[in-house]
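Residue-level listing of the chains:
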Amino acid sequence: MSLNGKKVSEFTADAYLNGEFIKVSDKDLQGKWSVLFFYPADFTFVCPTELEDLQRLYDDFKKEGCEIYSVSCDTHFVHKAWHDSSEKIGKVTYPMIGDPTAQLAKDLDVYIEADGMTERGTFVINPDGEVVLYEISAGNIGRNADELLRKVRAAKFVYEHGDEVCPAKWEPGAATLKPSFDLVGKL
């Protein structure tokens, strides 16, 4: 079953953000673009490289009106400890959601019951609170923030221009396609 079009279920979670504990809920995803970036666990190996890579482009995501939320089944307390002890995670300035009951992970079908951790799941959520793009990666394969930013930009374009679509490797300002009978078999 595809998760595209799925509304994120109601939730409230504790998160760590810039030296404070905050609450994040499904209501925070409404009216803007969001990325829920699930990773297996704090204090691991690939995860800090991914979160640091997201931080590198965080200002670019914010310019697109998109908030980043990293999520693992660790608690917000563990996020704080990791932030305080890791050079890479110490750079992170976006919310780090704790999902110790796996409510969010189960809702988006990335929870690995036997391990108590999540898959590497990336979910782009539109301003209506709906999943418009998602990707699940194997635990030993890191993701690319540059490509995620490109996909967020493409998703925004399609959301705003519903009669046009973005071809492979589309970047803002590049040509788009307008699906029509006349295009069938011409590309």
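Residues numbered from 1 in each chain as written. Predicted model: local features only at pLDDT ≥ 70, side-chain atom pairs only at ≥ 80, totals over all residues. Heavy atoms only, no water.

In the nomenclature of an unreviewed UniProt entry, the protein corresponds to Alkyl hydroperoxide reductase C from the organism Dialister invisus DSM 15470. Taken directly from UniProt, the Function (unreviewed entry) text for the protein runs: "Thiol-specific peroxidase that catalyzes the reduction of hydrogen peroxide and organic hydroperoxides to water and alcohols, respectively. Plays a role in cell protection against oxidative stress by detoxifying peroxides." Database annotation for the protein, UniProt heading Subcellular location (unreviewed entry): "Cytoplasm". (UniProt positions renumbered as here; feature names shortened; annotations may be inferred.)

*Asks:* Describe the sheet that holds strand β4 (residues 66-72), and please don't skip the residues or the numbers.
*Replies:* Each strand in a sheet pairs with its neighbour through backbone hydrogen bonds, running either in the same direction (parallel) or in the opposite one (antiparallel). If you walk across this open sheet you meet the seven strands as β2-β1-β5-β4-β3-β8-β9, and the pairing is mixed. If you trace the sheet from one side to the other, it starts and ends with β2 (20-25) and β9 (131-137), each paired once. The sheet shows a mean angle of 25° between the axes of neighbouring strands, taken without regard to direction. Where β4 meets strand β5 (residues 96-98), three bridges bridge the pair, whose relative direction is parallel. Each bridged residue has a counterpart across the sheet, and for S70 the counterpart in β5 is M96. Those strands touched by helix α3 (residues 76-85) are β1 (12-17), β2, β4 and β5, and its axis lies near 15° from that of β1. (Pairing = 2+ DSSP bridges. Helix = DSSP H or I, 4+ residues; strand = E, 2+ residues; numbered from the N terminus. Axes fitted to C-alpha atoms, helices over the stretch in contact; angles between N-to-C directions. Contact = heavy atoms within 4.5 Å.)

*Asks:* Tell me about the packing of aromatic side chains, and name the residues and values.
*Replies:* One pass over the full model with this rule turns up nine aromatic pairs. Each ring, one from Y58 and one from Y94, has its centre 5.5 Å from the other, and the planes form 65°; the classification is edge-to-face. Here the residue Y58 occupies a position in helix α2 (residues 58-63), and Y94 occupies one in the loop between α3 and β5, the gap between them amounting to 36 residues. For the pair Y58 and Y94, a shared accessibility class is recorded, and that class is buried. Relative to Y134, the ring of F123 has its centre 5.8 Å away and its plane inclined at 10°; by these criteria the two rings are stacked. Of this pair, F123 sits in strand β8 (residues 120-125) while Y134 is found in strand β9, placing the two residues eleven residues apart along the sequence. (Phe/Tyr/Trp six-rings, centres within 6.5 Å; stacked < 30°, edge-to-face > 60°. Buried < 20%, exposed > 50% of the residue type's maximum accessible area, 1.4 Å probe, protein only.)

*Asks:* Describe helix α1 (residues 46-56), and please don't skip the residues or the numbers.
*Replies:* Counting buried positions along α1 gives eight out of eleven residues, so the element sits mostly inside the fold. Taken residue by residue, α1 has C47, P48, E50, L51, E52, D53, L54 and Q55 as its buried positions.

*Asks:* Give a detailed account of the nonpolar core, specifying residues and quantitative values.
*Replies:* Counting residues in each nonpolar core, the largest one holds 25 residues, and the members touching the most others are V35, L51, L54, F61, M96 and L148. Within the residue set of this core, elements represented by two or more residues are β3 (33-38), α1, α2, β4 and α5 (145-160). When residues in this core are grouped by element, the largest group, five residues, is from α5. Apart from the residues within four sequence positions on either side, L51 is in contact with F37, Y39, S70, W82, I89, V92, Y94 and M96. (Core = buried A, V, L, I, M, F, W, Y, C linked by side-chain atoms within 4.5 Å.)

*Asks:* Would you mind going over the UniProt feature "active site" (unreviewed entry) in the protein in detail, with residue names and values included?
*Replies:* The UniProt record marks C47 with the feature "active site" (unreviewed entry), using the residue numbering of this structure. Contacts of C47, omitting those with residues within four sequence positions, involve Y39, P40, A41, W82 and R120.

*Asks:* Describe in detail the side chain of K156, supporting the description with residues and values.
*Replies:* Note on placement: K156 falls in helix α5. What K156 contacts, discounting residues up to four positions off in sequence, is W33 and E64.

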